[in-house]
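If you want the building blocks of each chain, they are given just below.
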Amino acid sequence: MGFFSELKNDLSQAVNTLMPDDKLDDAATLDNGKDKGGNSKDVDIDTMLSRLDDFKLDDDKGDDSLESFEEEENVQEEEEAVITPEPEEEPKEAPMSALDAMAQMQHANDAEAEEEKDELSDLEARIEEATMGEIRTEEPQSAIEEIRNESLRQVVVQEIATEDNYTNNGGYETMDFEQQTPTDEIASITEGMAITGDIQTTGSLDLIGKVTGNIKALGKLNVTGEIIGDSDAAEIYAEAARITGEIRSKGSVKVGQSTVIVGNIFGSSAVIAGAVKGDIDVHGPVVLDTTAIVMGNIKSQSVQINNGAVIEGMCSQAYADVNPSEFFETLKNR
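The rules behind these values
- Residues numbered from 1 in each chain as written.
- Predicted model: local features only at pLDDT ≥ 70, side-chain atom pairs only at ≥ 80, totals over all residues.
- Heavy atoms only, no water.
- Helix = DSSP H or I, 4+ residues; strand = E, 2+ residues; numbered from the N terminus.
- Buried < 20%, exposed > 50% of the residue type's maximum accessible area, 1.4 Å probe, protein only.
- Contact = heavy atoms within 4.5 Å.
- Areas by Shrake-Rupley, 256 points an atom, 1.4 Å probe, with all protein chains shown as cover.
- Pairing = 2+ DSSP bridges.
- Salt bridge = Lys/Arg side-chain N within 4 Å of Asp/Glu carboxyl O.
- Axes fitted to C-alpha atoms, helices over the stretch in contact; angles between N-to-C directions.
- Patch = residues over 30% accessible without salt bridge, like charges linked within 9 Å, V, L, I, M, F, W, Y side chains within 5 Å.
- Phe/Tyr/Trp six-rings, centres within 6.5 Å; stacked < 30°, edge-to-face > 60°.
- Lys NZ or Arg CZ within 6 Å of the ring centre and 35° of its normal.

**Digging into the overall build of the chain**
Point 1. Tallying secondary structure elements over the chain gives seven helices and 26 strands in all.
Point 2. Among the 334 residues that make up the chain, the fraction classed as buried is 19%.
Point 3. For the chain, the share of sequence-separated contacts (at least 6 apart) that also reach a separation of at least 24 residues comes to 8%.
Point 4. Of the roughly 25200 Å² of accessible surface on the chain, 52% is carried by carbon and sulfur atoms.

**Topic: the pairing of strand S9 (residues 220–223)**
Point 1. Burial of S9 is one-sided: the residues Leu-221 and Val-223 facing one way are buried, the residues Lys-220 and Asn-222 facing the other way are not.
Point 2. Bridge count between strand S6 (residues 204–207) and S9: three bridges; the pairing is parallel. What sits directly across from Leu-205, in S9, is Leu-221.
Point 3. Alignment of S9 against strand S12 (residues 235–238), held across four bridges, turns out to be parallel. Within S12, the residue paired with Lys-220 across the bridge is Glu-235.

**Section: the side chain of Ser-300**
Point 1. Turning to its location among the elements, Ser-300 is positioned in the loop between strand S23 (298–299) and strand S24 (302–305).
Point 2. The exposure class assigned to Ser-300 is buried, which follows from its relative accessible area of 0%.
Point 3. Leaving out residues up to four positions away in the same chain, Ser-300 has contacts with Val-282, Gly-284, Val-286, Ser-316, Gln-317, Ala-318, Tyr-319 and Ala-320.

**Concerning the pattern of salt bridges**
Point 1. Scanning all chains against the criterion turns up three salt bridges.
Point 2. Of the charged contacts in the structure, one is a salt bridge between Asp-122 and Arg-126, with a shortest N-O distance of 3.6 Å. Note that Asp-122 and Arg-126 are positioned in helix H5 (residues 98–135) at a spacing of four residues, about one turn of the helix.
Point 3. Take Asp-122: its relative accessible area is 39%, and that puts it in the partly exposed class.
Point 4. Judged by its relative accessible area of 55%, Arg-126 is exposed.
Point 5. We note a salt bridge from Arg-248 to Glu-246, for which the minimum N-O separation is 3.5 Å.
Point 6. According to the relative accessible area criterion, Arg-248 is partly exposed, its value standing at 39%.

**A closer look at the sheet that holds strand S16 (residues 260–262)**
Point 1. The strand order S4-S7-S10-S13-S16-S19-S22-S25 describes an open sheet built from eight strands, whose pairing is parallel. With partners counted over all chains shown, the strands left at the sheet margins are strand S4 (194–196) and strand S25 (310–312), one partner each. Strand-to-strand twist across the sheet, computed as the mean angle between neighbouring axes with direction ignored, equals 5°.
Point 2. Bridge analysis of strand S7 (residues 210–212) against strand S10 (residues 226–228) gives three bridges, and the strand direction is parallel. If you follow Lys-210 over to S10, its bridge partner there is Glu-226.

**Quick notes on the sheet that holds S24**
Point 1. Read across the sheet, eight strands follow the order S3-S6-S9-S12-S15-S18-S21-S24 without closing on themselves; strand pairing throughout is parallel. Strands at the two margins of the open sheet, each flanked by one partner only, are strand S3 (186–189) and S24. Each neighbouring strand pair of the sheet contributes to a mean axis angle of 10°, computed without reference to strand direction.
Point 2. Two strands pair when backbone bridges link them, and strand S15 (residues 252–255) and strand S18 (residues 269–272) are joined in this way by four bridges, in the parallel orientation. Note on S18: the bridge partner recorded for Lys-254 is Val-271.

**Some thoughts on a nonpolar patch on the surface**
Point 1. A grouping of Val-322, Phe-327, Phe-328 and Leu-331 is seen on the molecular surface, where their side chains present a nonpolar patch of about 410 Å² in accessible area.
Point 2. As for its position among the elements, Phe-328 is in helix H7 (residues 324–333).

**Structural notes on the packing of aromatic side chains**
Point 1. Applying the stated criterion across every chain, the model contains zero aromatic pairs.
Point 2. Its end group placed over the ring of Phe-266, Arg-248 keeps NZ or CZ at 4.3 Å from the ring centre.

**As for the environment of Lys-277**
Point 1. Mapping Lys-277 onto the fold places it in strand S19 (residues 275–277).
Point 2. Looking at Lys-277, the relative accessible area reads 52%, which means it is exposed.
Point 3. Lys-277 sits 12 residues away from Ile-265 along the chain, and the two C-alpha atoms are 9.6 Å apart.
Point 4. Residues in contact with Lys-277, not counting those within four places in the same chain, are Ile-261, Val-262, Gly-263 and Met-295.

Here it is in structure tokens:
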């Protein structure tokens, strides 16, 4: 039953309940009489309620409209569920005025100045602390500590001086000379040339002139001139030469006739045919030719003395495979 049909029944029940039977009769009598305008009008409640049936069609239409409205509302809800809401745009900041910008810049400058002031104060405090530490007098040390510190200072100074002598050459820092690679170059000091100072070469050297100073060569040293100083080379050969100073060779040392050497000789082997005033210390054999004159001690592995050689000194085969003192000691214990 439609909405208006229900309304009709409800109104009928309400009228029957509220109005007693005598009042209903009076109302019917009044209705059967004349109205205020003097016109007679037969109206009763059943007639009025019957007219509500005429609205049944409208009631059905209302139900249809209500159903269509509900369907549209459901469709709209589905569309709203599918369509995601667009994010709201953030409100744009209002442009800053010139006064506000100047105030902000002034604030930043003040903060930066304050930070620089703090850093300057910190730096001044550090400088003052370091200065006070330097000014602060040291406590007196004991005699033992002073001697120890002085010894350490001397050792450090000596090491620095030694390092400078081996690593600096004419203002240029070089590697140790002994560690350099020998070359095949041959330097020559001709006759009539006199050099005062030390000489170093990675090759060989032919000396015919005169050198006053130390000579160091990684190659062979051939001397037919005069040397006043120490000589150090891989091999040394002297013929009709005059040498005053020590001779050190990593190999053999050959002293020819008419050669005079005043100084000690060190090498792996030696052949002497000239005059030597000094000790001969050789780990290998020593051969003294007939023209040899030696004033000094000889220490070697073995000694060969030819007829005519003159020796004034002691000969010791300290580098021999057999130790004479041990040999006789063994015989004594048997």
